[in-house]
Structure formats: C-alpha cells, structure tokens
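The primary structure of each chain is shown beneath.
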Amino acid sequence: MAGRWSVLALLTTSYGAGAFGILGISPLSPSLVDAFALSRLQVAFIVPSIYLGGLLFSVPGGRLADGIGVRRSFLGGLALGAAGLALAAGAPGFEAFLACLFVAGIGWSVVNPALRRAILDLFPVHERGIAMGIKQMGLTLGGVAAALVLPVVASRLGWRAAVLVCALGVALPVGTGWPAHSRNTQRVR
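The present account deals with the structure reproduced in this document. (Residues numbered from 1 in each chain as written. Predicted model: local features only at pLDDT ≥ 70, side-chain atom pairs only at ≥ 80, totals over all residues. Heavy atoms only, no water.)

Once that is clear, we can look at helix H2 (residues 29-36). When H2 is considered as a whole, its buried residues turn out to be Ser29, Leu32 and Phe36. Down the axis of H2, the smallest arc covering the buried residues is 55°, so these residues share one side. Summarising the geometry of H2, the exposed residues directed more than 90 degrees from the buried face are Pro30 and Asp34. The positive-phi residue at the C-terminal boundary of H2 is Ala37, with phi of around 50°. (Buried < 20%, exposed > 50% of the residue type's maximum accessible area, 1.4 Å probe, protein only. Helix = DSSP H or I, 4+ residues; strand = E, 2+ residues; numbered from the N terminus. Arc of directions from axis to C-beta.)

Turning next to the packing of aromatic side chains. Per the counting criterion, the structure on display carries eight aromatic pairs. With centroids separated by 5.6 Å and ring planes inclined at 85°, the aromatic side chains of Phe97 and Trp159 adopt a geometry described as edge-to-face. Of the two residues, Phe97 is situated in helix H6 (residues 94-122) and Trp159 in helix H8 (residues 159-176); the sequence distance between them amounts to 62 residues. One exposure class covers both Phe97 and Trp159, and it is buried. Three or more aromatic residues link up through ring pairs in this structure, and these residues are Phe36, Phe94, Phe97 and Trp159. (Phe/Tyr/Trp six-rings, centres within 6.5 Å; stacked < 30°, edge-to-face > 60°.)

What follows is about a nonpolar patch on the surface. A contiguous nonpolar surface patch, about 380 Å² in accessible area, is contributed by Leu52, Leu55, Leu56 and Phe57. Mapped onto the secondary structure, Leu55 falls in helix H4 (residues 46-68). (Patch = residues over 30% accessible without salt bridge, like charges linked within 9 Å, V, L, I, M, F, W, Y side chains within 5 Å. Areas by Shrake-Rupley, 256 points an atom, 1.4 Å probe, with all protein chains shown as cover. Salt bridge = Lys/Arg side-chain N within 4 Å of Asp/Glu carboxyl O.)

Our next topic: the pattern of salt bridges. Counted under the stated rule, the structure contains three salt bridges. When the shortest N-O distance is used, the salt bridge between Arg117 and Asp66 registers 2.5 Å. Of this pair, Arg117 sits in helix H6 while Asp66 sits in helix H4, placing them 51 residues apart in sequence. When its relative accessible area of 45% is taken as the criterion, Asp66 is described as partly exposed. Between Asp121 and Arg117 there is a salt bridge, with the nearest N and O atoms lying 3.1 Å from each other. Pair noted here: Asp121 and Arg117 are both in helix H6, with a separation of four residues, about one helical turn. Overall, Asp121 belongs to the partly exposed group, its relative accessible area being 24%.

Okay, here's the thing in structure tokens:
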C-alpha cells in the first residue's frame, strides 16, 4: 500500500526538521563561546545538556507513545523541543541556556520512540528495516542542513537568531500538523 510510504516520507521530513533544530546547537558552538565567554570545559556541557534530557526521558517517552499514540506524542515532543530552544534563544546566561537545552532534550526524547512505534504500526516485518533506514535519513539530512545554514545565520544575525531558527525548524512539523484524517495516519494514532 503506497499510503504508508507517504506517511513515512512525512515522518522522515518531520524528523529531519526536528534534527535540524536539535543538532543545530552544536555547529553554533563558536558563536556561543563568544557570546557567553565560555571556557573549553563549559563548551563541553552544551550538547550533553540536550542528551541528558533525552537520557532521562526516553523510557517515559516510549510509554507516552504507547499510551497516547504516535501522532500526539511525536508532535508534542517536537513542540516541547521547540519551546526549549525558543527559551534558549532568550536565555540571560549560560546556565539558563543549558537548562533550556535540557528541556529541548526532554521533548526530543519522545520523538524517536514515537517514530519507531509508527513504523511498527505501519509496516510489515519484511519492510521495517528499509523503513527504519529511510526514517534515519531524516536525522542525517537535518544535521547536515543545520551545519550548513546555522553558522551563516549566526554570523549575520547573531547566535540568538540562529537558535530561534533552530526552534522554528523543530516547530515546523507541529505548525503544519500531521493530517489526522488519512486512513494510514489513523493507524498510527
């Protein structure tokens, strides 16, 4: 059935948009060093602050996907990730910035379990490997796009604008929605 592949394309694109924002913090490190006058040790806390949120909330995120469904948990996770990044763009200091990244990481922790659940719901066993591989391309494409775009935004408009672009990237799938009316999207609730 071709419909499930269309849903996978939508999910992969949404995953890429989320990855653009979440993974986009790393290429902004040089701008953040200047903005917050960071030491090398402090720089080492930027990416782990996102992943710590993911580490602590991945299991609850999986339970959420099982409990309320893929659509709501996936879009809710992206919304929380976008909110954390938007708050980070306005953070008054480095500690507040890290706390906002932690919140973004909590949202991001829901995304992967929800996507995996969607693939399990949509695809028969003999197509799940290729579906997972296609889904994973979204992460890589989002990361590459972030590395190419966000440092340019930061150099022209400042690090706050670049982090706000990260937030907008993560929010894009939430704002455009996920068509709830399609028979195939109903299968993944």
